[in-house]
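Breakdown of the fold
Residue-level listing of the chains:
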Amino acid sequence: MAIDGLFILNIAKKLQKNIKDARINKVFMLSNNEYIFDLYKPNLKENLFISVNQNYSYLSLTSKKYSYSNDIFHFHSILKKHIENFYIENVEQINFDRIIRLTLRGKNDIGIEVKKHFYIELMGRYNNLILTKEDDIIIDSLHRLPFIEEGKRIILPGYSYSTPFMEKKKNPLKEKFYDENLSLSKQFYGISSFLEKILLNEIEKKSFNIIIDEIINSETLYYNEKEFHLLPFPSYEKKEKLFEGLNNYFSTKADQDRINRKSSDIKRLISNYKKKLNEKLEKLNNEITDSDNAHIYKEYGEILFTYASSYQRGMNKIFIDEIGIEIPLDSTKNLTMNANNYFKLYKKKTNSKKHLEEQIKIVKEELEYFLDLEVQLKTTDLNVIDEIIMELKEQNYLKQVANNKKKAKKISLLEFEGFNSKIYVGRNNLQNEYLTFKLAKPNDLFLHVKDYRGAHVVISNYQNDEETLRQAAELAAKYSSAGLSSSVPIDYTKVKYVKKLPASKPGKVILSNYKTIYIDPKNS
């Protein structure tokens, strides 16, 4: 369902109760459409989450730890400058609409106490965040709107804020009667067409006013995979406290959207590099083929000297009838010079082969690196994406943000319990290198899928039991490009026999003294 006016009224009442007088310590940005207000108030353990993403617009209180964006956006900078260290004086709904206004109190740059308003508009395709002065003169907004035909209002700095146009309707909290011949959504503020269908079913059991009262005072969110509401219905198999339910209902969609948004640019970058590298590889292979055929240039030189009597000055080619060969010539040079040019070309092509082979090796390794990243990007963990972005910046494939002094995040590995041991899984190159060369001890057991791209897996304190070995091997197969194959070979050895290739890309290793176990991940 879309969040309607009565739903917003319920949320506004609960926010007023919970975050009134809280201080906004910091404003964090998850994306340009999602913000977290880090709040301080005695006994308050949650922060304010605001999303104006068109696919999942809502606001709630949350204690969840998020991965914040390092991108720099103008509106985020405006919020940090204008409302950090301000107190939330009041939370209210405006006109029974999908608009919440925070009244903020704090001191300006010269220490004078001022008030500001922060409007959160959850209006579908017109979702917006707007910051104004106390007199509602707009400081700035997330989306600047020079003109909207439907609402006939302008949202630009310096203009006076006005709410969207609304038809005259009844207040559902005060009116006891309704016209059965008219749509409820047309008669009352705050009622959506979705809610109207529910109300018409419920009115047969309870009065209109009792149902409205239950909606605006409900403490619980009832939901299934497709819908949610503040009233219980047989099809809603889940129920949770309001804000907890909202966070859980939207979390999968929101997390996947963040992953898609963050990984889309990386996928495009990888695709571009793969195309360039494949083109370069094709060119180098052609040059190798040319160098393999360099003997023909030596033969041309020898033939020219052998059949010098057939040469005439100014020829641009010569045909030797006895052996049926035509040789191109430079008409400005004599026979000796043409022959010597072919000997030089032969030497150049022959000598270049070693260099070309080295270049092919480098290009293939770089291509393998990007193919590895493609596999690693198939994740549902936003932290894994962030670490891949960090790695690409360190490898100079992505531009670093100037003066970015943000403290590096702790690398978080997947952990599983084995028999008196732990199994660790790295899901990108940064995690793999940290796991294998920093966390793991020399006698721990290392596993990696053979002949496929995949995760580094380490069994810490391995006790030589086959069950844990197979469990770790199954994880190595699962987190690899062979995840859907059958009878996947997994190489394993002690960590001390795992070596990083000199000057190689992150995550590239060679094994010695290893054995191989075969796993069917589809049956694991």
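To keep things clear, this report deals only with the structure shown in the data block. Quick caveat, the model's predicted, so the values are computed rather than measured. (Residues numbered from 1 in each chain as written. Predicted model: local features only at pLDDT ≥ 70, side-chain atom pairs only at ≥ 80, totals over all residues. Heavy atoms only, no water.)

**Remarks on the pairing of strand β17 (residues 445-449)**
- Within β17, five of the five residues are buried, leaving the element largely enclosed by the surrounding structure.
- Note that β17 and strand β18 (residues 457-460) share three bridges and pair antiparallel. Residue pairing for β18: Phe446 is matched across the bridge by Val458.
- Two strands pair when backbone bridges link them, and β17 and strand β19 (residues 488-494) are joined in this way by five bridges, in the antiparallel orientation. (Buried < 20%, exposed > 50% of the residue type's maximum accessible area, 1.4 Å probe, protein only. Helix = DSSP H or I, 4+ residues; strand = E, 2+ residues; numbered from the N terminus. Pairing = 2+ DSSP bridges.)

**Here's the deal with the environment of Ala482**
- For Ala482, the position within the fold is in the loop between α11 (466-478) and β19.
- Since its relative accessible area comes to 0%, Ala482 is described here as buried.
- Considering only alpha carbons, one finds Ala482 and Val449, 33 residues apart in sequence, at a separation of 7.9 Å.
- Beyond its immediate sequence surroundings of up to four residues, Ala482 is in contact with Val449, Tyr452, Ala477, Val488 and Pro521. (Contact = heavy atoms within 4.5 Å.)

**Comments concerning the environment of Met337**
- Along the chain, Met337 turns up in helix α8 (residues 335-376).
- Along the chain, Met337 and Gly301 lie 36 residues apart, while their C-alpha atoms are 9.6 Å from each other.

**Focus: the pattern of salt bridges**
- Summed over the entire model, instances satisfying the criterion amount to 21 salt bridges.
- In this structure, the salt-bridge partner of Arg153 is Glu121, at a minimum N-O distance of 2.7 Å. Pair noted here: Arg153 is in the loop between β9 (138-141) and α3 (184-187) and Glu121 is in strand β7 (residues 113-121), with a separation of 32 residues, a long-range link. Taken individually, Arg153 and Glu121 each receive the classification buried, so the pair is uniform in this respect.
- In this structure, Lys422 engages Glu415 in a salt bridge whose closest nitrogen and oxygen atoms are separated by 3.3 Å.
- Given the relative accessible area of 31%, Lys422 is considered partly exposed.
- Relative accessible area serves as the criterion here: at 47%, Glu415 is assigned to the partly exposed category.
- One network of salt bridges, with partners in common, ties together Glu34, Asp257 and Arg261. (Salt bridge = Lys/Arg side-chain N within 4 Å of Asp/Glu carboxyl O.)

**Let's talk about the sheet that holds strand β22 (residues 515-519)**
- Spatial strand order, β15-β16-β18-β17-β19-β22: six strands in an open sheet with antiparallel pairing. Each having just a single partner strand, β15 (414-417) and β22 make up the two edges of the open sheet. Recorded for the sheet is a direction-independent mean angle of 25° between the axes of neighbouring strands.
- Pairing between β19 and β22: five bridges, direction antiparallel. (Axes fitted to C-alpha atoms, helices over the stretch in contact; angles between N-to-C directions.)

**Here's the deal with helix α1 (residues 5-19)**
- An ideal rise of 1.5 Å per residue puts 21 Å on 15 residues; α1 measures up with 20 Å between its terminal C-alpha atoms.
- Across the 15 residues of α1, eleven count as buried, placing the element largely inside the fold.
- Looking at α1, one finds that the buried residues are Gly5, Leu6, Phe7, Ile8, Leu9, Asn10, Ile11, Ala12, Lys14, Leu15 and Ile19.
- One side-chain oxygen of the residue at the start of α1 lies 3.4 Å from the amide nitrogen of Leu6, identifying that residue as Asp4.
- Among the residues trailing α1, Asp21 stands out with phi positive, at a value near 75°. (Expected span 1.5 Å × (residues − 1). Polar contact = N/O pair within 3.5 Å; in protein donor to acceptor, adjacent residues only side chain to side chain.)

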